[in-house]
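The residues making up each chain are set out below.
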Amino acid sequence: MASIIDIKEECALHVRDFEFTYKGAESPSLKKITMPIAKHSITALIGPSGCGKTTLLRSFNRMHDLYPGNSYAGEIEFEGRNILGPKEDLIHLRTKIGMIFQKPTAFPMSIFDNVAYGLRLQGIKNKTELKDRVEKALQDAAIWKEVGDRLKNDANGLSGGQQQRLCIARAIAVEPEVLLFDEPTSALDPISTQGIERLVIELKERVSIIIVTHNMQQAARVSDYTGFMYLGELIELGETEKLFVTPKEKLTQEYITGKFG
Amino acid sequence: MTAVQKRVVINKIALALSTISALIALGFLFWILGVLVMKGVSALNWNIFIFEGAPPGYDESGLKHALVGQAILIGMATAIGVPVGILAGTYLSEYGKNSKLAHTIRDISDIMMSAPSIVIGAFVYAVVVMPMGHFSAWAGAIALGIIMIPIILRTTDDMLQLVPGELREAAFALGAPKYKVILSVVYRGAKAGILTGVLLGIARVGGETAPLLFTSFNDNFFTTNLNEAMPSLTVTMFNYATSPYEDWQQLGWAAAFILSMFILGLNILGRVILFAGKKRK
Amino acid sequence: MIDKIFFNFTRFSALLILIIVAWIFTVLFNHSLEAMNTFGLDFITKDEWAPNLDKFGTQAAILGSIISTFLAMLLAVPVAIGVAIFLSEIAHPKIKGLFGVSVELLAAIPSVIYGMWGLFFFVPIIRDIFGGLGIGLLAAGIILAIMILPFMAAVTRDAMNTTPDILKESAYALGGTQWDVIKDIIIPYAKAGIIGSLILALGRAIGETMAVTFVMGNVHHVPKSILDPTTSIPVTLANEFTEADSSLYFSSLFGLALTLLIMSFVVIAIAKFYFLRKARRA
Ligand SMILES: Nc1ncnc2c1ncn2[C@@H]1O[C@H](COP(=O)(O)OP(=O)(O)OP(=O)(O)O)[C@@H](O)[C@H]1O
Ligand SMILES: [Mg+2]
């Protein structure tokens, strides 16, 4: 019943018959999801609250593994392998697939150390290399101009929008292949939101992006593909322009015209 | 070894060390509990509840005097500590709120909660025992009551603040005076929480020995005279355990076991009440 | 009318706390004046404690309190942090709950029982290993450590648990291991709370009487080694209050009580008003 387009370009991730069940839940929160995710493009996930957007997003970097008792079924293909396999190296996976959260999550350390954190975890100790890569990441995240002269300051002194861009800088510093955004602007003012949206569009040159959003305008503004989820199922995946103008599914139509949700 | 592999190894070591420290802690605590249960249970018999203290070597010796004394002391302490604590907590939550005075009282009371209990004993010795000229149940109960006040105050304050403001407003809107609102609406809403606080407060002072050493002192015989020294489980346990007599030491362990079960029981009951209260909401 | 009476009742009860605290300080101070006037600074700098000669120097007791508490902290802090890490980060949720509650219940066991256990089961071990009496600073320090461990671990765990999940997840999302997250995120984030909790436990340990009375020895000499018997403030009070027979003797004991009260007040106030308040604001 779902209408999933067949993406012709190369795919960064390919979800097949994926199911996810939270610990102790009677039924799966995600049901038989099949979803290709195009490389170097932005895929938005929309849908009413509780439909499973966050749950799906957190499956891509296996965040659910932090809490025992959750279970996966099906397949998520990344770099030619199924990342749901028991032997998957989660540390490696998470450096390849980065994540930005709903609220800014600046670590309790300086701005520099925040951005250098992932690099140091990978064993980079060389001071000049660290400095160069931190600067580059901050520039790419469009925040260098604001913080370049106070890298030693505590990161928690920054504004919400700045902190969120700092988190993006931190995530791209380790040069991931995929970036996951979970409603990255829901805690921000309109101006900061605009900044983040612009940044996300710029970033797709280098990474593949999946962004969960509650805001349909945002999905329409930034994404190339949009997936509509409802009650744990992916109802429709299509090119953004087409999906918002001529949805194939009745449910999608009802949702984007504001009949429910 | 790459940096990442090194981190993985360090991670394993650090987690193993934490787990080992948890096991060490658990080991010691089970050792103590094990001793308490083994020694205590083997010393338990009906005589303990039937007979009062006797010189070492007597078969007919028990802890009746200490059990009753303990009950009297705790009862009196509760009668002092609970009303004062609840009223004071009520003032903080319902009248004082965020005023400077209220905060000062909260701070001082918080410090009092962790202050050395033996010092309270010394204070009560000076203001009760010295003027009376002898040890008494009154002195012991006052010392325990003072220790109890901050505990009850704190939980009452916290629990009353959890009662939603709309409930109060609804009652005020019906024209009820403030005291009535507090007595009939606020207290009712915080019932489970306050009860838990009282139980935990009783549990806390029930295990106190130090403040009784020179207030209610001790007695090896049954008494209900509040103007005299009064035996308590804790001090009896202390005296018996440090005595050189085998049978007294046994009674000491029996007292330790009974008291611990009482205190653990109160703690568990308190948690259950709080939990049940939360669930209903 | 009734409203006014009720209000005054509650206010008086609240003020009673302040009155009692002020009263305690005044009473202890007044009763210790005689000792302070007689001995001056010698009261705390000399360790000659000879009731029959009416000489009272409290140095041994004060040092005993400080050293035994220090030893206890030295032993308990690393283990408590380990247990807290285990409880907040490592243990399976079921064990977390069960073990967590048992730790809290153990913190409620009367300290006199730890003392009895120490005297009968632990002191003999120390005697066998190190020789001597077994009674002394080392025994007191270890038993004190075991006694404060549950409380310390429980409050440290609570402090660690204040770290938001989303912050920890962010570090995991960068490829951090559990230990990376603990040392780089949780400990820095909860630092003030953790330190505050540890100091609060220290404040309790200083005033602890019954866990150590049995095993300290009650000898008024500054010990040469931690295996020697000595005394501490609460131990002296517990053993000698009912034996005191002169007013100077009593006054000296009140002086000790006042010293102890001030020491623990200061420590607890530092924990509560500096560290824990800072932690709550963060
Ligand atoms: N930790 C959890 N344990 C059990 N069930 C959960 C958990 N988290 C989410 N769920 C359930 O899984 C379903 C999907 O939740 P999810 O958070 O993925 O929705 P969402 O689409 O991101 O919603 P929102 O738009 O509100 O963020 C919901 O029914 C929710 O109740
Ligand atoms: Mg969500």
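Residues numbered from 1 in each chain as written. Chains lettered and ligands numbered in written order. Predicted model: local features only at pLDDT ≥ 70, side-chain atom pairs only at ≥ 80, totals over all residues. Heavy atoms only, no water.

### Some details on the overall build of chain A
Working step 1: In terms of regular secondary structure, chain A is built from 10 helices and 11 strands.
Working step 2: At 18 Å, chain A has a C-alpha radius of gyration in line with the 18 Å of a compact globule built from 261 residues.
Working step 3: In chain A, which comprises 261 residues, the share counted as buried stands at 53%.
Working step 4: Of the contacts formed within chain A by residues at least 6 apart in sequence, a portion of 68% connects residues at least 24 apart.
Working step 5: Element-wise, carbon and sulfur atoms account for 49% of the exposed surface of chain A, whose accessible area totals about 11,700 Å². (Helix = DSSP H or I, 4+ residues; strand = E, 2+ residues; numbered from the N terminus. Rg over C-alpha atoms; globule rule 2.2 N^0.38 Å. Buried < 20%, exposed > 50% of the residue type's maximum accessible area, 1.4 Å probe, protein only. Contact = heavy atoms within 4.5 Å. Areas by Shrake-Rupley, 256 points an atom, 1.4 Å probe, with all protein chains shown as cover.)

### Regarding the overall build of chain C
Working step 1: Broken down by element type, chain C carries 12 helices and two strands.
Working step 2: The principal-axis extent of the C-alpha atoms belonging to chain C is close to 70 × 70 × 30 Å.
Working step 3: Counting every position in chain C, which comprises 282 residues, the buried fraction comes to 58%.
Working step 4: Considering only contacts within chain C whose residues lie at least 6 apart along the sequence, 72% involve residues at least 24 apart.
Working step 5: In the structure as shown, chain C presents an accessible area of about 10,900 Å², 67% of it carried by carbon and sulfur atoms.
Working step 6: In chain C, the 18 positive side-chain charges and the 19 negative ones have mean positions that sit 11 Å from each other. (Lys, Arg positive; Asp, Glu negative; His and termini not counted. Charge placed at Lys NZ, Arg CZ, Asp CG, Glu CD.)

### A look at the site of ligand 1
Residue and element names in this part refer to chain A.
Working step 1: In the region of ligand 1, the neighbouring residues are Tyr22, Ser29, Ser49, Gly50, Cys51, Gly52, Lys53, Thr54, Thr55, Glu183 and His214.
Working step 2: Residue Lys53 places a side-chain N or O atom 2.8 Å away from an oxygen atom belonging to ligand 1.
Working step 3: One nitrogen or oxygen atom from the side chain of Thr55 is found 2.4 Å from an oxygen atom belonging to ligand 1.
Working step 4: Contact with the protein chains removes 58% of the 630 Å² of surface that ligand 1 exposes when unbound. (Near = heavy atom within 4 Å. Polar contact = N/O pair within 3.5 Å; in protein donor to acceptor, adjacent residues only side chain to side chain.)

### Observations regarding the interface of chain A and chain B
Working step 1: Each partner contributes to the interface: chain A provides four residues, whereas chain B provides four residues.
Working step 2: Interface of chain A and chain B: buried area, both sides summed, is about 390 Å²; carbon and sulfur atoms make up 66% of it.
Working step 3: On the chain A side of the contact with chain B, Ile91(A), Leu121(A) and Gln122(A) bury the most area, a combined 82% of that side's loss.
Working step 4: Residues of the side of chain A that touches chain B, tallied by class, amount to two nonpolar, two polar and no charged. (Buried area = accessible area lost by both parts, 1.4 Å probe. Nonpolar A, V, L, I, M, F, W, Y, C, P; charged D, E, K, R; others polar.)

### Points about the interface of chain B and chain C
Frequently, the measure chosen for interface size is the accessible area removed from exposure when the parts meet.
Working step 1: Every contact between the two is made by 79 residues of chain B and, on the other side, 77 residues of chain C.
Working step 2: Taken together, both faces of the contact between chain B and chain C bury some 6,900 Å²; the carbon and sulfur share is 83%.
Working step 3: A per-residue breakdown of the area chain B buries against chain C is headed by Ile32(B), Ile111(B) and Phe123(B), which together make up 9% of the total.
Working step 4: Joining chain B to chain C, the criterion identifies three salt bridges.
Working step 5: Between Arg277(C) and Asp107(B) there is a salt bridge, with its nearest N and O atoms 2.9 Å apart.
Working step 6: Taken together, the connections running from chain B to chain C amount to seven residue pairs in polar contact (both at pLDDT 80 or more).
Working step 7: Put simply, the parts of the chain that give the side of chain B that touches chain C at least two residues each are helix H1 (3-43), helix H3 (64-96), helix H4 (100-114), helix H5 (117-132), helix H6 (137-162), helix H8 (178-189), helix H10 (233-242) and helix H11 (246-280) of chain B.
Working step 8: Top contributing element to the side of chain B that touches chain C by residue count: H1(B), with 20 residues. (Salt bridge = Lys/Arg side-chain N within 4 Å of Asp/Glu carboxyl O.)

### What to know about the sheet that holds strand E2 (residues 11-21) of chain A
All names here are of chain A.
Working step 1: Strand order in the open sheet made by the four strands is E3-E2-E5-E6, with antiparallel pairing throughout. Edge strands, defined here as strands with exactly one partner in the open sheet, are strand E3 (30-38) and strand E6 (81-82).
Working step 2: Sheet topology places E2 next to strand E5 (residues 71-78); seven bridges connect them, and they run antiparallel. Residue pairing for E5: Phe20 is matched across the bridge by Tyr72. (Pairing = 2+ DSSP bridges.)

### Overview of the sheet that holds strand E8 (residues 178-182) of chain A
All names here are of chain A.
Working step 1: With mixed pairing, the seven strands of this open sheet are ordered in space as E1-E11-E10-E4-E9-E8-E7. Two strands in the sheet have a free side with no partner beyond their single neighbour: strand E1 (3-4) and strand E7 (97-100).
Working step 2: Taken together, the two bridges between E1 and strand E11 (residues 233-239) define a ladder with parallel strand orientation. When the bridges of E11 are listed, Ser3 appears paired with Glu236.
Working step 3: Packed onto the sheet, helix H1 (residues 53-60) meets strand E4 (42-46), E7, E8, strand E9 (208-212) and strand E10 (225-230) and runs at close to 155° relative to E8.
Working step 4: Relative to the sheet, helix H6 (residues 160-173) contacts E7 and E8, its axis offset from that of E7 by approximately 175°. (Axes fitted to C-alpha atoms, helices over the stretch in contact; angles between N-to-C directions.)

### Digging into the confidence of the model for chain C
Working step 1: When pLDDT is averaged across chain C, the result is 93; 99% of the residues are at 70 or more.
Working step 2: Reported confidences for the modelled complex are a pTM of 0.91 and an ipTM of 0.94. (pLDDT = per-residue confidence, 0-100.)

### Details of unusual backbone geometry
Working step 1: Look at Lys97(B): it is not a glycine, yet its phi comes out positive at around 45°.
Working step 2: Turning to its location among the elements, Lys97(B) is positioned in the loop between H3 and H4.
Working step 3: The phi torsion at Asp54(C) lies on the positive side, around 55°, for a residue other than glycine.
Working step 4: Residue classification places Asp54(C) among the partly exposed positions, given a relative accessible area of 33%.

### Description of the packing of H10(B) against helix H5 (residues 111-130) of chain C
Working step 1: Packing of H10(B) against H5(C) leaves a shortest axis separation of 10 Å and a crossing angle of 5°. When the interaxial angle is binned, H10(B) and H5(C) end up roughly parallel. Where H10(B) approaches H5(C), its residues Met237(B), Phe238(B), Ala241(B) and Thr242(B) are matched on the opposing element by Val112(C), Ile113(C), Met116(C), Leu119(C) and Phe120(C). (Parallel < 35°, antiparallel > 145°, perpendicular 65-115°, else oblique.)

### Some details on the environment of Trp138(B)
All names here are of chain B.
Working step 1: Relative to the helices and strands, Trp138 resides in helix H6.
Working step 2: Between the C-alpha atom of Trp138 and that of Val35, which follows or precedes it by 103 residues, the distance is 34 Å.
Working step 3: In this structure Trp138 touches Met76, Leu226 and Asn227, once residues within four positions along its chain are discounted.

### Section: H5(C)
Residues and elements named next belong to chain C.
Working step 1: A bend of about 45° at Gly118 is the largest found in H5.
Working step 2: Residues of H5 that are buried include every one of Ser111, Val112, Ile113, Tyr114, Gly115, Met116, Trp117, Gly118, Phe122, Val123 and Ile126, and no others.
Working step 3: Where H5 ends, the next residue or the one after it, Gly131, has phi of about 75°, a positive value. (Bend = angle between axes of the 7 residues up to and from the residue.)

### Some details on the packing of aromatic side chains
Working step 1: Scanning the model with the defined rule gives 38 aromatic pairs over all chains in all.
Working step 2: Centre to centre, the rings of Phe214(B) and Phe241(C) are 4.1 Å apart; their planes meet at 15°, and the pair counts as stacked. Of this pair, Phe214(B) sits in the loop between helix H9 (191-206) and H10 while Phe241(C) sits in the loop between helix H11 (233-240) and helix H12 (247-281), which puts the two residues in different chains. For the residue pair Phe214(B) and Phe241(C), the accessibility class agrees, reading buried in each case.
Working step 3: The interplanar angle of 50° and the centroid separation of 5.1 Å between the aromatic rings of Phe238(B) and Phe214(C) together place this pair among those described as tilted. Here the residue Phe238(B) occupies a position in helix H10, and Phe214(C) occupies one in helix H10 (residues 210-216), the pair thus bridging two chains.
Working step 4: Among the aromatic residues, those joined into a cluster by ring pairs are Tyr125(B), Phe135(B), Phe214(B), Phe217(B), Phe241(C), Phe250(C) and Phe254(C).
Working step 5: When the ring centre of Phe107(A) is taken as reference, the NZ or CZ atom of Arg170(A) above it lies at 3.8 Å.
Working step 6: We note Lys64(B) situated over the ring of Phe222(B); from NZ or CZ to the ring centre the distance is 4.9 Å. (Phe/Tyr/Trp six-rings, centres within 6.5 Å; stacked < 30°, edge-to-face > 60°. Lys NZ or Arg CZ within 6 Å of the ring centre and 35° of its normal.)

### A short note on the packing of helix H7 (residues 165-173) of chain C against helix H8 (residues 178-189) of chain C
Residues and elements named next belong to chain C.
Working step 1: Remark: H7 packs on H8, axes separated minimally by 10 Å, with the N-to-C direction vectors making an angle of 145°. Between H7 and H8 the crossing geometry is right-handed. Along the contact surface, H7 presents Leu167, Lys168, Ala171 and Tyr172, while H8 presents Gln178, Val181, Ile185, Ile186 and Tyr189.
Working step 2: Classifying every residue of the contact of H7 with H8 gives seven nonpolar, one polar and one charged. (Left-handed = near helix turned anticlockwise from the far one by under 90°.)

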